[in-house]
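Chains, contacts and geometry: an overview
What follows is the residue order along each chain.
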Amino acid sequence: MKGELFEFCHILSGVIEITPEGGEPAVYKAGDSFVMKPGFVGIWKTIETVRKIYLTVS
């Protein structure tokens, strides 16, 4: 389970797949951004080496 902060991620290069527990996988690649909410449970799979901008907000 993820911590108590919101997490913002912007993918600069590479590819990842995030699958929330009980949900469908989502693929993110260069140019994509997403926010993970506090308490997220799931799997982060790196498909290609990733460079990203990443920050947390309480």
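The shown structure was predicted, so the numbers you read here are calculated from the model rather than taken from an experiment.

1. Some thoughts on the environment of glutamate 7
- In this structure, glutamate 7 sits in strand 1 (residues 6-20).
- A sequence separation of 37 residues divides glutamate 7 from tryptophan 44, and the C-alpha atoms of the two residues are 13 Å apart.
- At a separation of 2.9 Å, a polar atom in the side chain of glutamate 7 contacts the side chain of tyrosine 54.

2. Re the UniProt feature "domain: (S)-ureidoglycine aminohydrolase cupin" (unreviewed entry) in the chain
- UniProt's entry tags residues 3-54 with the feature "domain: (S)-ureidoglycine aminohydrolase cupin" (unreviewed entry), counted in the numbering of this structure.
- Taken as a whole, residues 3-54 contains 0% helix and 69% strand, while its terminal C-alpha atoms sit 15 Å from one another.

Thresholds applied
Residues numbered from 1 in each chain as written. Predicted model: local features only at pLDDT ≥ 70, side-chain atom pairs only at ≥ 80, totals over all residues. Heavy atoms only, no water. Helix = DSSP H or I, 4+ residues; strand = E, 2+ residues; numbered from the N terminus. Polar contact = N/O pair within 3.5 Å; in protein donor to acceptor, adjacent residues only side chain to side chain. UniProt positions renumbered as here; feature names shortened; annotations may be inferred.

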